[in-house]
Amino acid sequence: MPPQFFAPYDYQFTLGAFRYLSESPTLPVVWGAVYERELADRLLRLKTLDEVGSLESALNQVTFNPEKAKVFDGFVKQWFRAYGERERKGGVLSRLKAPPQLLTFSDESAYAGQDSPIKVRVILITSFFDGKSHLEGNRQVLREIEL
């Protein structure tokens, strides 16, 4: 789905803290930042996505929360149930979009209101700026939500 699909929540979907959906180790990054100075310093020294993955594994921070995941699933299901109604009515909030500088883009198969979807796949994309360019790494399927 394109980032604006969940407007006005699209900014949260782009930069939000969805670590509670992952049963694998994830770095404690929220909105593109870490809160611990030591970890920030370690990240600044990294140059490759492999190094980022190694650090993520070494820290072994798994924050999966089945209760929060269940609430998230309910939100997504409700959003899709109400999608058609919102599109028919329109409104100011449906036209708000995240700032264009955010590096999130859906692929060619993005959902745009065509056939009724049967499943939503939530994918965590690890990205990293090495000081010169933006690198996109692993794509981890966190959830598959039946609609």
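Residues numbered from 1 in each chain as written. Predicted model: local features only at pLDDT ≥ 70, side-chain atom pairs only at ≥ 80, totals over all residues. Heavy atoms only, no water.

**Q** In this structure, what is going on with the packing of aromatic side chains? I would like to understand it.
**A** Remark: the centre distance and the inter-plane angle together describe each pair of aromatic rings, the angle taken between the planes. Under the counting rule described, the total for this entry stands at eight aromatic pairs. An angle of 50° between the planes, with centres 6.1 Å apart, marks the rings of Phe-18 and Tyr-20 as tilted. Consider the rings of Phe-18 and Phe-72, whose centres lie 5.5 Å apart with planes at 65°: the pair is edge-to-face. Note that Phe-18 is positioned in the loop between helix H1 (10-15) and helix H2 (37-45) and Phe-72 in helix H4 (residues 66-89), a separation of 54 residues in sequence. (Phe/Tyr/Trp six-rings, centres within 6.5 Å; stacked < 30°, edge-to-face > 60°. Helix = DSSP H or I, 4+ residues; strand = E, 2+ residues; numbered from the N terminus.)

**Q** I tried to follow helix H3 (residues 49-59) on my own but got confused; where do I start?
**A** Helical geometry note: an α-helix holds 3.6 residues per turn, so side chains three or four residues apart project in the same direction. Considered for burial, the residues of H3 that qualify are Val-52, Leu-55 and Glu-56. One side of H3 carries all its buried residues, which in axial view fall inside an arc of 100°. In H3, those exposed residues whose orientation departs by more than 90 degrees from the buried face are Asp-50 and Ala-58. The inward-facing, buried residues of H3 abut H2 and strand E1 (119-129). (Buried < 20%, exposed > 50% of the residue type's maximum accessible area, 1.4 Å probe, protein only. Arc of directions from axis to C-beta. Contact = heavy atoms within 4.5 Å.)

**Q** Explain the pairing of E1 here, please?
**A** Each regular strand shows side chains that alternate between the opposite faces of the sheet. Pairing of E1 with strand E2 (residues 134-146) involves 10 bridges; the strand directions are antiparallel. Residue pairing across strands places Ile-125 opposite Arg-139, the latter belonging to E2. Turn length for the E1-E2 hairpin, with the two strands adjacent in sequence and antiparallel, is four residues, and the turn residue Gly-131 shows positive phi of about 100°. (Pairing = 2+ DSSP bridges.)

**Q** Before we go on, may I ask you to explain the pattern of salt bridges in this structure?
**A** Pairing between side chains of opposite charge can happen when the charged atoms of each approach one another. Counted under the stated rule, the structure contains five salt bridges. A salt bridge links Asp-41 to Arg-37, with the shortest nitrogen-to-oxygen separation between them at 3.1 Å. Highlighted residues: Asp-41 and Arg-37, both in helix H2, separated by four residues, approximately one helical turn. Classification of Arg-37 as exposed rests on a relative accessible area of 65%. A salt bridge links Arg-121 to Glu-144, with the nearest nitrogen and oxygen atoms 2.8 Å apart. Of this pair, Arg-121 sits in strand E1 while Glu-144 is found in strand E2, placing the two residues 23 residues apart along the sequence. A cluster of three or more residues bridged by salt bridges with shared partners is formed by Lys-119, Arg-121 and Glu-144. (Salt bridge = Lys/Arg side-chain N within 4 Å of Asp/Glu carboxyl O.)

**Q** It is not clear to me how the side chain of Asp-73 should be interpreted in this structure. Could you clarify?
**A** Among the structural elements, Asp-73 can be located in helix H4. At a separation of 2.5 Å, a polar atom in the side chain of Asp-73 contacts the side chain of Arg-143. Sequence-distant contacts of Asp-73, that is, excluding residues within four places in its chain, are made with Arg-143 and Ile-145. (Polar contact = N/O pair within 3.5 Å; in protein donor to acceptor, adjacent residues only side chain to side chain.)

**Q** Would you take a moment to explain the nonpolar core for this structure?
**A** For soluble globular proteins, the rule of thumb is that nonpolar side chains tend to be buried together. Leu-21, Phe-72 and Val-122 are the most contacted members of the largest nonpolar core, which has 14 residues in total. Residue assignment for this core shows that the elements contributing at least two residues are H4, E1 and E2. Broken down by element, the residue count for this core peaks at six residues, all from H4. Filtering out sequence-adjacent residues up to four positions away, Val-122 remains in contact with Leu-21, Phe-72, Gln-140, Val-141, Leu-142, Arg-143 and Ile-145. (Core = buried A, V, L, I, M, F, W, Y, C linked by side-chain atoms within 4.5 Å.)

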